[in-house]
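A closer look at the structure
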Amino acid sequence: MRKPIIAGNWKMYKTFDEAVDFVEEIQQDIPSPDKVDAVICAPALYLPTLVVASEDSSLAIGAQNMHYENEGAFTGEISPVMLANINVDYVILGHSERREMFNETDEAINKKIRAALSQGIVPIICCGETLEEREAEQTEAKVARQITKALEGFAPIEVEHMVIAYEPIWAIGTGKTATAQDANVVCCAIRLAIETLYGKDTARKVRIQYGGSVKPENIKELLAQEHIDGALVGGASLDPASFMKLLEAAANA
Ligand SMILES: O=C(CO)COP(=O)(O)O
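Procedures and definitions
Positions within a chain are numbered from 1, following the residues in the order the chain's sequence is written. Local features in this predicted model are restricted to residues whose pLDDT is 70 or higher, and side-chain atom pairs enter the listing and the counts only when it is 80 or higher, whereas totals over whole chains, interfaces and linings include all residues. Side-chain metrics rest on all non-hydrogen atoms present in the structure, leaving aside hydrogens and water. UniProt positions are given in the numbering used here, feature names are shortened, and annotations may be inferred rather than shown by experiment. Helix numbering and strand numbering both begin at the N terminus, where a helix is a DSSP run of H or I of at least 4 residues and a strand a DSSP run of E of at least 2. Contacts are assigned to residue pairs with any non-hydrogen atoms lying within 4.5 Å of each other. A fitted line through C-alpha atoms represents every axis, and for helices the fit uses only the stretch in contact; the resulting angles, taken between N-to-C directions, go from 0 to 180 degrees. Roughly parallel covers angles under 35 degrees, roughly antiparallel covers those over 145, roughly perpendicular covers 65 to 115, and oblique covers all other angles. Should the near helix be turned anticlockwise from the far one by less than a right angle, the crossing is left-handed, and should it be turned clockwise, the crossing is right-handed. Salt bridges are identified by distance alone: a Lys or Arg side-chain nitrogen within 4 Å of an Asp or Glu carboxyl oxygen. Partly exposed residues are those whose accessible area sits between 20% and 50% of the maximum for their type, while under 20% is buried and over 50% is exposed, using a 1.4 Å probe and protein chains only.

The next subject is the UniProt feature "binding site: substrate" (unreviewed entry) in the protein chain. If you check UniProt for "binding site: substrate" (unreviewed entry), the listed places come out as Asn-9, Trp-10, Lys-11, Gly-173, Ser-213, Gly-234 and Gly-235 in our numbering. These annotated residues cover 227 residues of sequence, but their C-alpha atoms sit close together, with the largest distance between any two at 13.9 Å. Note that Trp-10 resides in the loop between strand E1 (5–9) and helix H1 (16–26). Other than its neighbours up to four places away in sequence, Trp-10 contacts Ala-19, Phe-22, Ile-40, Cys-41, Ala-42, Pro-43, Leu-50, Gln-64, Ser-237 and Leu-238. Its location among the elements puts Lys-11 in the loop between E1 and H1. With residues near it in sequence (within four places) discarded, Lys-11 still touches Pro-43, Gln-64, His-95, Glu-97, Ile-172 and Gly-234.

Listed below in C-alpha cells is the structure:
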C-alpha cells in the first residue's frame, strides 16, 4: 500500500526563530518513517538551518518553489542544484498561488519537475480548480489537463516517485473543505489521468495528497478515502501541536 505523506506548506509565514523552534519542538516526536512521511516546506531562507536542525529525525525539509535551470542570470531565483546541495528532499511545484500570482505555466512546471528529479528532489506537483470551474463541472477535466501537461515526457519509474497534490483553489485558506468523498472522486480522476499516460502499475504507486483547509478535525475522514494518500497543509501546519496531530492521524490510518 501507499505510505501516507503529510507536508506542511508554511508559505510566507514565520520568523526565522519561530521556524527553528518549531522543528526543535517536534523533531523527536515524529512518528516512525515506516508509517508516514513528514515534510515541512519552509521559506527558502530558512532551509539550510532547518535541514541541519532536523538531521537526527525523520522530518524531511522541502522548498516551496525553484527555477528549472541549474544556474544562470536569474535574479532572485533558487536552483535545483542549490536545493540538492543543502540536502533539501522535496519541492512544491505549481502551487495555485504561484500559477495565479507569479504566472507559472504548465510548461514551466513540467521543466521544473524534470529539473527536480535530475537532482534527486521529490516534486510535490499541485493541481486544482477554481470555484467557477467547479460550478461549471469542469473540475476533472481541469486537473486531468494540468497533470497530463505536467507529467509529459517522463519514464514510468520517474513518475512513481512523484507526489501529486489536489488542492481545490476555493478550499485554500477559506475554511471550506471539499467533502472527503468529492476530494476522493477528483483524486481518482488524477490517478486515471496518470494511468492513461503511464499505465496501471505506475498509477497505483503514485501518492496523491489532498490540500485545502485540512485540519486535525477532518484529516481522518480524508485519509480513509481510497485515492487520498496524505495532505498538503497550509494554516494547520503552522502550529506544532496541530501538525503533530495530523502526523499521528496519518501514522494510524
Ligand atoms: O495551499 C495549501 C497548501 O499548499 C492549503 O492551505 P490551507 O491548509 O491553509 O487551506
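A pair of packed helices is characterised by two quantities: the angle between their axes and the separation of those axes. Close contact between H1 and helix H12 (residues 240–251) brings their axes to 10 Å; oriented N to C, the two are set at 45°. Relative to H12, the element H1 lies oblique. In the packing of H1 onto H12, the handedness of the crossing is right-handed. Note on element contacts: H12 touches H1 through Pro-240, Phe-243 and Met-244, opposite Phe-22, Glu-25 and Ile-26.

Moving on to the pattern of salt bridges. For the coordinates displayed, the defined rule picks out 15 salt bridges. Here Arg-98 ties to Glu-104 by a salt bridge, and the two come within 3.2 Å at their closest N and O atoms. Residue classification places Glu-104 among the buried positions, given a relative accessible area of 11%.

Turning next to the environment of Val-51. Residue placement: Val-51 occurs in helix H2 (residues 47–53). Since its relative accessible area comes to 11%, Val-51 is described here as buried. Distance in space between the C-alpha atoms of Val-51 and Asn-87 is 6.9 Å, their sequence separation being 36 residues. The contacts of Val-51, once residues within four sequence positions are left out, are Ile-61, Ile-86, Asn-87 and Val-88.

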